[in-house]
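Chain and residue survey
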Amino acid sequence: MTEASSEVDDHKRQQKAGARALSRLLEPVSTALAVGRVLSAVSAVLAVVPYIALVHIGDALITGGGIDDDAVGRWLAILLATFGARLFIYFIALFVTHLADIKVGHLIREQIVDRLARVPLTWFTSTNSGRVRKALQDDIGTVHQLIAHQPVEGTSAIVMPLALMVYAFVVDWRLGLLSIATIPLYIAAMAATMRGMGEMTVKMDHRLSAVSARMVEFVTGIAVVKAFGRVGRAHHNYQHAADDFYEFYADWVKPLVKVSALGMSILAIPLLLLINIGGGAALVHAGVVSPADVLATALIALLIPYSLETVMSSTWSRQIAGASALRLQDLIETPALPDDAANPTGPESFDVEFDHVSYTYPGADVRAVDDVSLTLRQGTVTALIGASGSGKSTIATLLARFDDPSSGAIRIGGVPVTEIDDLYDKVGFVLQDPQLLSISIRDNIALGRPDATREQIRHAARSAQILDEIDALPDGFDTVYGAGTGLSGGQAQRVAIARALLVDAPVLILDEATALADPEAQHEIQQALSALAVGRTVLVIAHRPEAIMGVDQIVILDAGRVDAVGTHDELSTHPAYARLWSDSLTTGSGGHR
Ligand SMILES: Nc1ncnc2c1ncn2[C@@H]1O[C@H](COP(=O)(O)OP(=O)(O)OP(=O)(O)O)[C@@H](O)[C@H]1O
């Protein structure tokens, strides 16, 4: 099979999958959409009545003899009443479909949020963040068009011209023929425009997704990029994706615009009027129809192209919505961490055991953690130490279940972490990035315990050595964290420590680099961390050997494997430990990062 034909097959498959995803997405509102369609059809049929009234009024006014005031008044009343009723029913149809759209949007958001709360944290790369942004903003918007507008506008665009054409034939079959005379030309122009539309839509969608993903990558990394003066290079990927989209779109659309411009100039109003009024005049002359009949059927003919265009754009919006539905469905079905919390009471003791744990990052070839077995006794502090990339952070975050090990098990008090309900009540962590949200400092501290009292929150802030600094902020604990909050990196770290203190988890993961973040506040942070460690099972990700001298157990890691375990004294003769010390002395503190 050639590459081109396999690409076409691929696009066809995607289109079909999109159509399936779409019908699954629309299933919960299928009744509402059917109601919207029926109401729209009723309103479209009612559209015929004003034309009938117009013919009667026209006949009464144009044909000679005395004007029948009663008849004109009656038909005028019918015209206004049916016109009003038609608009009202159309409005109700749109109202029903908009309610359905709100329901679907809500369901999708709920499902995505529910699923994203359960996927491994390693999933949240910048590419996937781009996918989430596109899904929540663009794709739900595209689906809106399809649910809230297409059933009503699409049905009306089909039923109304059909009903009007039937009426035109009822008035006079020759006028009926005149009113549909230009339809074959329109259909030919439409067929030319729509050729390969499905595949091109899929291709367009891929390119738009690429632009979206590159944009998120660019914006996410902007601080680093600017700091290193590499804006041009990082911008390049985004620029390239945007140019690629532009070229594709221009190549596709330019010829279509020509076809449609040609179609409009040949087929548009002058031609329609020429055929309908010209042909109609001949029929009036022959005495078979009245001028009012001709006027009404000419007006009907003018509506037909508009309806065909609506049908065409409905078809297109269905294709685009198919791709969107597929992306939304993919996101909703992102593999989540298995939830087998069968032990609601949780562990009763808090020894932590790594039992032959191995882990490979998605897409990586080598194991980041390789057959690690360790025991962390309750109430003791264990430090992980090793060169950069030796697997310290990975081991620590596996305990917090950012992802599950590829093999082996991690247990707390003998219970596998996969079976522990509310794991984050048991395992707290303060990592390098304090992960504060753009909410008040109070809510940031109370994130893991939303029911905490003001006094408990203040107490946690006091223990984390940050209380006075928060009180000194203009809005105190109500200050919303973000740009311009006036919190330094070290202060943000201590807010994160206060948060962990408030959760009061018996197992704690600490990144010792937090103490390096802000040299001026180093002493305060160390004190806050020490307060946090008391009485818990603590795992410290250590970056400097001298910072972990007092701990109960030191684990030396090398390329994901445990090289040695012991206290500072026990390890003092171990060559790897000695090497880490000497490296640290030659490169200064934090030499292993
Ligand atoms: N998200 C990721 N995807 C793929 N590989 C990763 C990812 N994060 C880390 N790794 C790889 O896993 C290995 C262990 O990394 P890890 O961050 O656990 O080491 P570390 O000892 O904590 O390093 P550092 O001291 O620099 O933080 C490294 O080879 C690293 O390149």
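Residues numbered from 1 in each chain as written. Predicted model: local features only at pLDDT ≥ 70, side-chain atom pairs only at ≥ 80, totals over all residues. Heavy atoms only, no water.

Per an unreviewed UniProt entry, the protein chain goes by ATP-binding cassette subfamily B protein and derives from Gordonia humi.

1. Observations regarding helix α7 (residues 183-194)
Rules: Strands are runs of DSSP state E lasting at least 2 residues, helices are runs of H or I lasting at least 4, and numbering of each runs from the N terminus. One less than the residue count of a helix, multiplied by 1.5 Å, gives the span that helix is expected to have.
Here α7 contains twelve residues, and its C-alpha end-to-end distance of 16 Å stays within 8% of the 16 Å for a straight helix at 1.5 Å per residue. Positive backbone phi, at 70°, marks Gly 196, one or two positions downstream of α7.

2. What to know about the layout of surface pockets
Put simply, the rule reads: Cavities and pockets were defined on a 1 Å grid built from protein atoms only: a cavity is a group of points that admits a 1.4 Å probe but offers it no way out, a pocket is an open group of points flanked by protein on both sides within 12 Å along at least five of seven lines, and a lining residue is one with an atom within 4 Å of any such point. Grid points are joined across faces, edges and corners, and a volume is the space filled by probe spheres set on the points. Residues are grouped as follows: nonpolar covers Ala, Val, Leu, Ile, Met, Phe, Trp, Tyr, Cys and Pro; charged covers Asp, Glu, Lys and Arg; every other residue, Gly included, is treated as polar. Domain segmentation is taken from an automatic or database assignment of domains.
Estimates place the volume of the largest pocket at around 1,600 Å³. In terms of lining, the largest pocket is formed by 43 residues, of which the most central are Ala 117, Leu 121, Phe 402, Tyr 424 and Phe 429. Of all the elements in the fold, those that place two or more residues in the lining of the largest pocket are α13 (392-399), α14 (423-426), β6 (427-430) and α18 (489-503). Counted by class, the lining of the largest pocket contains 26 nonpolar, eight polar and nine charged residues. Each of domain 1 (16-332) and domain 2 (352-587) accounts for three or more of the residues forming the lining of the largest pocket.

3. What about the sheet that holds strand β5 (residues 415-416)?
We count it as follows: Any two strands with at least two DSSP bridges between them are considered paired. In this analysis, two residues are considered to be in contact whenever any of their non-hydrogen atoms come within 4.5 Å of each other. Every angle, taken between N-to-C directions, lies between 0 and 180 degrees, and every axis is a line fitted to C-alpha atoms, over only the stretch in contact when it is a helix.
Read from one edge to the other, the open sheet built from four strands follows the order β2-β1-β4-β5, with strand pairing classed as antiparallel. Each edge of the open sheet carries a strand with a single partner, namely β2 (369-376) and β5. In the sheet, strand β1 (residues 352-359) pairs with strand β4 (residues 407-412) via five bridges, with the strands oriented antiparallel. Residue Val 352 lies in a different strand from β4, and its bridge partner there is Ile 412. Packed on one face of the sheet, α13 meets β1, β2 and β4 and runs near 120° to β1.

4. Remarks on the site of the ligand
Put simply, the rule is: Nearness is judged by heavy atoms alone; a residue qualifies as near a molecule or strand once a single heavy atom is within 4 Å of it. What qualifies as a polar contact is a pair of N or O atoms within 3.5 Å, subject to a donor-acceptor requirement within protein and to the restriction that residues adjacent in sequence count only when both atoms come from side chains. Using the Shrake-Rupley algorithm and a 1.4 Å probe, accessible areas are obtained, with residue cover drawn only from the displayed protein chains.
Neighbouring the ligand are twelve residues; Ser 388, Gly 389, Lys 392, Ser 393 and Thr 394 lie closest to it. One of the backbone N or O atoms of Gly 389 is found 2.9 Å from an oxygen atom in the ligand. Lys 392 is positioned with one of its side-chain polar atoms (N or O) 2.9 Å from an oxygen atom of the ligand. Taken by itself the ligand offers 630 Å² of open surface, and the protein chains cover 62% of this. A class-by-class count of the residues in the shell around the ligand yields three nonpolar, seven polar and two charged.

5. Notes on the packing of aromatic side chains
Where we set the bar: Planes of paired rings set the category: under 30 degrees apart is stacked, over 60 is edge-to-face and the rest tilted, where pairs are Phe, Tyr or Trp rings (Trp by its six-membered ring) whose centres lie within 6.5 Å.
Under the counting rule described, the total for this entry stands at five aromatic pairs. Centre to centre, the rings of Phe 245 and Tyr 249 are 5.6 Å apart; their planes meet at 20°, and the pair counts as stacked. Of this pair, Phe 245 and Tyr 249 both sit in helix α10 (residues 231-267), four residues apart, roughly one helical turn. Through pairs of rings, three or more aromatic residues link up here, namely Phe 402, Tyr 424 and Phe 429.

6. Topic: the packing of helix α4 (residues 69-116) against helix α12 (residues 291-332)
Between α4 and α12, the shortest axis-to-axis distance is 8 Å and the interhelical angle comes to 35°. The segment α4 lies against α12, with Ile 108, Gln 111, Ile 112 and Arg 115 engaging Leu 328, Leu 331 and Ile 332. Of the residues in the contact of α4 with α12, the class split is five nonpolar, one polar and one charged.

7. Comments concerning the pattern of salt bridges
Note that side chains of opposite charge can pair when their charged atoms are close. Rules: What makes a salt bridge here is a side-chain nitrogen of Lys or Arg within 4 Å of a carboxyl oxygen of Asp or Glu, nothing more. Type-normalised accessible area, obtained with a 1.4 Å probe on protein chains alone, sets the label of each residue: buried when under 20%, exposed when over 50%, and partly exposed for intermediate values.
Considering all chains together, one arrives at 18 salt bridges under this definition. A salt bridge links Arg 442 to Asp 478; its shortest N-O distance comes to 2.9 Å. Of this pair, Arg 442 sits in helix α15 (residues 441-445) while Asp 478 sits in the loop between α17 (467-471) and α18, and the two are 36 residues apart along the sequence. What makes Arg 442 buried here is its relative accessible area of 14%. Overall, Asp 478 belongs to the partly exposed group, its relative accessible area being 46%. Among the ionic contacts, a cluster of salt bridges with common partners joins Arg 133, Lys 134 and Asp 138.

8. Details of unusual backbone geometry
Negative phi characterises most residues that are not glycine, and trans characterises most peptide bonds. Within the chain, Asp 371 stands out as a residue other than glycine whose phi angle is a positive 55°. Inspection of the secondary structure puts Asp 371 in strand β2. Classification of Asp 371 by relative accessible area gives partly exposed; the value is 35%. Positioned with a positive phi, Arg 401 is a non-glycine residue whose angle comes to about 55°. Topologically, Arg 401 is positioned in the loop between α13 and β4. What makes Arg 401 buried here is its relative accessible area of 12%.

9. Examining helix α11 (residues 269-285)
For the record, the criterion: Here, the arc refers to the directions that run from the helix axis to the C-beta atoms.
The first and last C-alpha atoms of α11 sit 23 Å apart over 17 residues, in line with the 24 Å expected at 1.5 Å per residue. All buried positions along α11 are accounted for by Leu 272, Asn 276, Gly 280 and Leu 283. End-on view of α11: buried residues confined to an arc of 55°, all on one side of the axis. Counted as exposed and oriented over 90 degrees from the buried face of α11: Pro 270, Leu 274 and His 285. Note on α11: the residue one or two positions beyond its end, Gly 287, has a positive phi of about 80°.

10. Section: the packing of helix α16 (residues 454-463) against α18
Quick reminder of the rule: Angles are sorted into four bins: roughly parallel if under 35 degrees, roughly antiparallel if over 145, roughly perpendicular if 65 to 115, and oblique for all others. In a left-handed crossing the near helix is turned counterclockwise from the far helix by less than a right angle, and in a right-handed crossing that turn is clockwise.
It is at 8 Å that the axes of α16 and α18 come closest, and there the two elements cross at 125°. Here α18 runs oblique to α16, going by the angle between their axes. Here α16 runs over α18; the crossing is right-handed. When α16 is examined against α18, the residues Gln 456, Ile 457, Ala 460, Ala 461 and Ser 463 are found in contact with a partner set consisting of Ala 498, Leu 501 and Leu 502. Among the residues forming the contact of α16 with α18, the class breakdown is six nonpolar, two polar and no charged.

11. A look at the UniProt feature "transmembrane region" (unreviewed entry) in the protein chain
This is how the line gets drawn: UniProt positions are given in the numbering used here, feature names are shortened, and annotations may be inferred rather than shown by experiment.
In this structure's numbering, the residues bearing the UniProt feature "transmembrane region" (unreviewed entry) are residues 34-55, 75-100, 152-170, 176-194, 261-282 and 288-308. Here residues 75-100 runs as 100% helix and 0% strand, with 37 Å between its end C-alpha atoms. Taken end to end, residues 176-194 is 84% helix and 0% strand, and its first and last C-alpha atoms sit 27 Å apart.

12. Points about the sheet that holds β6
The mixed open sheet is built from six strands, whose spatial order is β6-β7-β8-β3-β9-β10. Pairing within the sheet leaves two strands with one partner each, and these edge strands are β6 and β10 (561-566). This sheet shows a mean twist of 20° between the axes of neighbouring strands, independent of strand direction. Bridge count between strand β9 (residues 553-558) and β10: five bridges; the pairing is antiparallel.

13. As for the nonpolar core
Applicable threshold: In this text, buried Ala, Val, Leu, Ile, Met, Phe, Trp, Tyr and Cys residues form a nonpolar core when linked through side-chain atoms within 4.5 Å.
Judged by nonpolar contacts, the single largest core of 45 residues is most densely connected at Ile 445, Leu 532, Ile 548 and Ile 556. Of all the elements, α18 adds the most residues to this core, at eight residues. When sequence neighbours within four positions are dropped, the list of residues in contact with Ile 556 reads Ile 385, Arg 561, Val 562, Asp 563, Ala 564, Leu 571, His 574, Ala 576, Tyr 577 and Leu 580. Counting 29 residues, the second-largest nonpolar core is a separate cluster that includes Phe 350, Leu 376, Ile 412 and Leu 557.

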